[in-house]
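Listed below are the residues making up each chain.
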Amino acid sequence: MTKLSPQAFLGYAILALFVVLSLLPLWMSLKIGLSYPTDVFGDAERLGMTSLTFGNVLRVMGLPSDIQLTAFRAAPIDFTVALRNSLIYTVLTVTGQIFFSALAGYAFARMRFPGRDLLFFAFLAAAMIPGIVLFIPNFILVKDLGLLNTFAGMVAPTILMTPFAVFFLRQFFMTAPKELDEAARLEGASAFQIFWRVALPIQKGPIATLAILLTINSWNDFFWPFLVGRDPDVRVMAVALADFISQTGRGTPDWTGLMAAVTLSTIPVLVMLVVFGRQIVESLQTSGMK
Amino acid sequence: MSFLSIDRVTKQFGIVQVIKGVSIEARKGEFIVFVGPSGCGKSTLLRMIAGLEETSGGTIAIDGEDVTHADPARRHIAMVFQSYALFPHLNVFDNIAFGMQIKKVPRAEIRSRVEEAARILRIEPLLDRKPRQLSGGQRQRAAIGRAIVRKPKIFLFDEPLSNLDAELRTRMRVEIARLHQAIGATMIYVTHDQVEAMTLADRIVVLRNGLVEQTGSPSELYDRPRNLFVAGFLGSPRMALLPARVIRGGPDQLTLSCPACTGPEIDVPGPFRREVRSGEPVTLGLRPETLRWDAADPMLTVRVEITENLGGSTLVHATTSDHQALIMTAAERLAVTPGTLMPLSFGGHPHVFDGEGETLRP
Ligand SMILES: Nc1ncnc2c1ncn2[C@@H]1O[C@H](COP(=O)(O)OP(=O)(O)OP(=O)(O)O)[C@@H](O)[C@H]1O
Ligand SMILES: [Mg+2]
């Protein structure tokens, strides 16, 4: 066994502390979500499991379950549908945003057209506007277009592009060797073919990084979907969770059900981190992004 | 009729004129080399032929068709970049096949043509490697493969060998010469390296500052450089240049006084392009291989600085009595200690340039 130097030992100790601190909330929600409602208050201060049941998870997913809460009479919230809606919402915003932002970023980086730089700075300036200021005009627009409670309305502000994504990708397109574009051009590729077959594939790393950042953002989006997507058919996880809490009013929340739903909502993000974790770290390292 | 015809082209970057009116004609199958100092516009001119840079003035025609403002794809040209510009995400096969895939050439034909190119370049075992898994020379071959597979009308090379080490450069130089013989295509080749220029070219175009200084076969440029610039640029080691003054001019013979020379005057046999007046300042140009050790009848005496033994021959670096650098190539092995005074004579017809740097030789 190799011996750790005291400095390395200290380093690992600090890292271990932070690992515990960041995993604790996840563990607590998992633990409570898998407990019987009657056990929640009995051993709240204990870290270990006292009972184990999947009843809460099944219950919030709208499946038959051995746990029935009699205190609530509100219509049950189906988190399976919410999970599906979150997936649709996230996939639409992330793929749309990346595709269109890549087009725009590439154009800003490589193509020459009048007003290019002016347009780009206008874009950057737009990034300075706090999102909250845009909610009301966007809401009115979406409402007037009759897109309330539709996925179209929910993804409308972000699916085309966002200043951040455009800026991020433009930087990478700018640093790519120009000769590659020129070589493709000499081979007879059209502007779109150059973009699609050369410029885009060589940015796989940065695009994966961006996809991960955007996925986490979109998955956690709350306020905008809350404004325009309250209908159960389109309601995303974050909004459904909020509705779930408010259903119980001032009384005691349905802790086990809530935590089961929270656990459910973190699973897709965790899966993504496990699958792409290595790539995330690598692309963050190679891109020198903070 | 010429295959590639460049007629008084100019190129303007903003207010800077980089190419100032260049005309070049190339026959089909000719190997043309552009040489010149850094920044003289070689790459720019090549990129104008490819269509990667707009032409500001003049015309470019390929195979009788005016392509001055045509899209690069329509010029049927292939270019090998200094950085190779291989697509890093594609393997060698797909790199070579890229253009044909774009044009939707049938798969079977793509395969056979890629394999043929790979065979010519001896990279068949590498076809499914990614560029980063290749050595410099292999990347170079892959890049050339991508160029030859499309059977372009003209090949353009922009310093294709400058990223390779000396030995590989020599080998690839021979390969390019072999390739040119095998496929007989028209090639335009940019280089800094005058050995590449001398060995590969059918015709060399010497550029300086956006203008053509001289065009001609390698031996023409070597034997009859039009001016001091070309004389100094071609030939390795460089030609020694000694300042002198005309004592007596004449059509068949010049009598010069030169500070570096041993005697008060030396005679240089003609012919000359024009009458030279006495008193005119001139420059004497001596190729290293025309100098020889001559104790009996020396024309100049130099101080040896250092000798380089190249095995069969020796390079002698020396300075003249008026502190001009001079290099002599001796065909035999010479052992001279630095500081030795060495008597030299020069045979044949040395180059003579007038006060403007233009040659006085016809
Ligand atoms: N896009 C550009 N914008 C402005 N000036 C340019 C541009 N490209 C080249 N130049 C200028 O044009 C001149 C010629 O450049 P070019 O690259 O053709 O030289 P070169 O002969 O290929 O030099 P080297 O041997 O160093 O490659 C240089 O002075 C360069 O600064
Ligand atoms: Mg160059």
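Reading guide: rules and limits
- Residues numbered from 1 in each chain as written.
- Chains lettered and ligands numbered in written order.
- Predicted model: local features only at pLDDT ≥ 70, side-chain atom pairs only at ≥ 80, totals over all residues.
- Heavy atoms only, no water.
- Helix = DSSP H or I, 4+ residues; strand = E, 2+ residues; numbered from the N terminus.
- Contact = heavy atoms within 4.5 Å.
- Areas by Shrake-Rupley, 256 points an atom, 1.4 Å probe, with all protein chains shown as cover.
- Lys, Arg positive; Asp, Glu negative; His and termini not counted.
- Charge placed at Lys NZ, Arg CZ, Asp CG, Glu CD.
- UniProt positions renumbered as here; feature names shortened; annotations may be inferred.
- Phe/Tyr/Trp six-rings, centres within 6.5 Å; stacked < 30°, edge-to-face > 60°.
- Buried < 20%, exposed > 50% of the residue type's maximum accessible area, 1.4 Å probe, protein only.
- Lys NZ or Arg CZ within 6 Å of the ring centre and 35° of its normal.
- Near = heavy atom within 4 Å.
- Polar contact = N/O pair within 3.5 Å; in protein donor to acceptor, adjacent residues only side chain to side chain.
- Nonpolar A, V, L, I, M, F, W, Y, C, P; charged D, E, K, R; others polar.
- Salt bridge = Lys/Arg side-chain N within 4 Å of Asp/Glu carboxyl O.
- Pairing = 2+ DSSP bridges.
- Axes fitted to C-alpha atoms, helices over the stretch in contact; angles between N-to-C directions.
- Core = buried A, V, L, I, M, F, W, Y, C linked by side-chain atoms within 4.5 Å.
- Disulfide = S-S within 2.5 Å.
- Patch = residues over 30% accessible without salt bridge, like charges linked within 9 Å, V, L, I, M, F, W, Y side chains within 5 Å.
- pLDDT = per-residue confidence, 0-100.
- Domains from an automatic or database assignment.
- Buried area = accessible area lost by both parts, 1.4 Å probe.

Novice: Help me get a handle on the overall build of chain A, residues and values and all.
Specialist: When you go through chain A residue by residue, the secondary structure sums to 13 helices and 0 strands. Each helix and strand of chain A, placed in order from N terminus to C terminus, yields the pattern α-α-α-α-α-α-α-α-α-α-α-α-α. By its C-alpha atoms, chain A is 70 × 65 × 35 Å across when sized along the principal axes. When contacts within chain A are restricted to residue pairs at least 6 apart in sequence, those whose partners lie at least 24 apart make up 70%. Summed over all atoms, the accessible surface of chain A reaches about 16600 Å², with 70% contributed by carbon and sulfur. The averaged location of the 17 negative side-chain charges in chain A is 6 Å from the averaged location of its 20 positive side-chain charges.

Novice: Tell me about the UniProt feature "domain: ABC transporter" (unreviewed entry) in chain B, residues and numbers included.
Specialist: UniProt feature "domain: ABC transporter" (unreviewed entry): in the numbering of this structure it lies at residues 4–234 of chain B. Across residues 4–234 of chain B, helical content stands at 37% and strand content at 26%; the span's end C-alpha atoms are separated by 25 Å.

Novice: Describe in detail the packing of aromatic side chains, supporting the description with residues and values.
Specialist: Overall, the coordinates contain 23 aromatic pairs over all chains when judged by the stated rule. A ring pair is formed by Y106 of chain A and F173 of chain A, whose centres lie 5.4 Å apart and whose planes are at 80 degrees; its orientation type is edge-to-face. With Y106 of chain A in helix α3 (residues 79–110) and F173 of chain A in helix α7 (residues 163–175), this residue pair connects regions lying 67 residues apart in the sequence. For the pair Y106 of chain A and F173 of chain A, a shared accessibility class is recorded, and that class is buried. An aromatic cluster is built from F99, F100, Y106, F173, F192, F195 and W196 of chain A, whose rings are joined through pairwise contacts. Over the ring of F229 of chain B we find R208 of chain B; its NZ or CZ atom is 4.3 Å from the centre of that ring. Its end group placed over the ring of Y222 of chain B, R287 of chain B keeps NZ or CZ at 3.9 Å from the ring centre.

Novice: Any details on the site of ligand 1? Residues and values, ideally.
Specialist: All names here are of chain B. All residues in the neighbourhood of ligand 1 are listed as F13, V18, S38, G39, C40, G41, K42, S43, T44, E159 and H192. Interatomic distance of 2.8 Å between a backbone N/O atom of G39 and an oxygen atom of ligand 1. Here an oxygen atom of ligand 1 sits 2.5 Å away from a polar atom, N or O, in the side chain of T44. Contact with the protein chains removes 57% of the 630 Å² of surface that ligand 1 exposes when unbound. It is helix α1 (residues 42–50) that contributes the most residues to the shell around ligand 1, 3 residues altogether. A breakdown of the residues in the shell around ligand 1 according to their chemical character gives 3 nonpolar, 6 polar and 2 charged.

Novice: Go over the side chain of E159 of chain B, please, and point to the residues and values.
Specialist: All names here are of chain B. One can find E159 in the loop between β7 (154–158) and α5 (166–183). Summary of buried charges: E159 has no salt-bridge partner, and the nearest side chain of opposite charge, K42, is 4.7 Å away. A polar contact is formed between the side chain of E159 and the side chain of H192, at a distance of 3.1 Å.

Novice: How would you sum up the pattern of salt bridges? Please name residues and give values.
Specialist: All names here are of chain B. All chains considered together, the criterion is met by 26 salt bridges over all chains. Note that E30 and R27 form a salt bridge whose closest N and O atoms lie 3.1 Å from each other. The residue E167 makes a salt bridge to R171 at a minimum N-O spacing of 3.6 Å. Note that E167 and R171 are positioned in helix α5 at a spacing of 4 residues, about one turn of the helix.

Novice: Which residues make up the sheet that holds strand β1 (residues 4–13) of chain B, and what are the values?
Specialist: All names here are of chain B. Taken in spatial order, the 4 strands make up an open sheet running β2-β1-β4-β5, and their pairing is antiparallel. Single-partner strands in this sheet number two, and they are β2 (16–26) and β5 (65–66). The strands touched by α1 are β1, β2 and β4 (57–62); relative to β1, the strand with the most contacts, the crossing angle is about 115 degrees.

Novice: With reference to specific residues and values, describe the nonpolar core.
Specialist: Judged by nonpolar contacts, the single largest core of 59 residues is most densely connected at F173 of chain A together with L4, F34, L156 and I188 of chain B. Non-local contacts of F34 of chain B, meaning those with residues more than four positions away in its chain, are made with I24, K42, L45, L46, I49, I188, Y189, V190, T191, V205 and L207 of chain B. Membership of the second largest hydrophobic core comes to 49 residues, among which are I110, F155, F229 and L234 of chain B.

Novice: So, the sheet that holds strand β12 (residues 253–257) of chain B: which residues are in play, and what are the values?
Specialist: Residue and element names in this part refer to chain B. On the basis of which strands lie adjacent, the open sheet formed by 5 strands has the order β13-β12-β11-β14-β20 and antiparallel pairing. Bordering the open sheet on either side are β13 (266–269) and β20 (351–353), each of which pairs with just one other strand. Going across the sheet, the axis of each strand differs from the next one's by a mean of 45 degrees, ignoring polarity. Here strand β11 (residues 240–248) pairs with strand β14 (residues 281–286) via 6 bridges, running antiparallel. Bridging from a neighbouring strand, A244 pairs with V282 of β14.

Novice: For the state of the cysteines, give the residues involved together with the corresponding values.
Specialist: Residues and elements named next belong to chain B. Counted under the stated rule, the structure contains 1 disulfide over all chains. Note on cysteine connectivity: C258 is disulfide-linked to C261, with sulfurs 2.0 Å apart. Linking C258 and C261, the disulfide has an S-S dihedral of approximately 90 degrees and is accordingly described as right-handed. Like C258, the residue C261 is buried in the burial classification.

Novice: I'd love a proper account of a nonpolar patch on the surface, names of residues and values included.
Specialist: Residues L24, W27, L30, L47, M49, L52, F54, L58 and L63 of chain A make up a contiguous nonpolar surface patch of roughly 780 Å² in combined accessible area. For L47 of chain A, a relative accessible area of 51% gives the class exposed.

Novice: For the UniProt feature "transmembrane region" (unreviewed entry) in chain A, give the residues involved together with the corresponding values.
Specialist: All names here are of chain A. UniProt records the feature "transmembrane region" (unreviewed entry) at residues 9–28, 87–109, 118–141, 147–169 and 258–281, using the numbering of this structure. As a span, residues 9–28 carries 100% helix and 0% strand, and end to end its C-alpha atoms are 28 Å apart. Taken end to end, residues 147–169 is 70% helix and 0% strand, and its first and last C-alpha atoms sit 30 Å apart.

Novice: Let's hear about the confidence of the model for chain B: which residues, and what values?
Specialist: Residue and element names in this part refer to chain B. Predicted confidence across chain B gives a mean pLDDT of 90, with 100% of residues reaching 70 or more. The spread of mean pLDDT over the elements of chain B runs between β13, the lowest at 84, and strand β3 (residues 31–35), the highest at 96. Overall fold confidence for the complex sits at a pTM of 0.83, while the interface term, ipTM, reaches 0.84.

Novice: Go over the domain arrangement of chain B, please, and point to the residues and values.
Specialist: Residues and elements named next belong to chain B. Each domain of chain B was delimited in the assignment, giving domain 1 (4–233) and domain 2 (240–353). Each partner contributes residues to the interface: domain 1 has 7 residues there, and domain 2 has 6 residues. Here domain 1 meets domain 2 over a buried area of about 590 Å², counting both sides, of which 60% is carbon and sulfur. For the interface between domain 1 and domain 2, the tally reads 0 salt bridges. Here the element with the most residues in the side of domain 1 that touches domain 2 is helix α7 (residues 218–223); it accounts for 3 residues.

Novice: Lay out the interface of chain B and chain A with the relevant residues and their values.
Specialist: Across the contact, 23 residues belong to chain B and 15 residues belong to chain A. Summed over the three residues of chain B that lose the most area to chain A, namely H89, F98 and I102 of chain B, the buried surface amounts to 30% of that side. Here chain B and chain A share 2 salt bridges between them. Inspection of the chain B/chain A interface yields 6 residue pairs in polar contact (both at pLDDT 80 or more). Elements represented by at least two residues in the side of chain B that touches chain A include exactly α1, β6 (77–80) and α2 (92–102) of chain B. Here the side of chain B that touches chain A gets 4 residues from one element, more than from any other, and that element is α2 of chain B. Residues belonging to the side of chain B that touches chain A are distributed by class as follows: 13 nonpolar, 5 polar and 5 charged.

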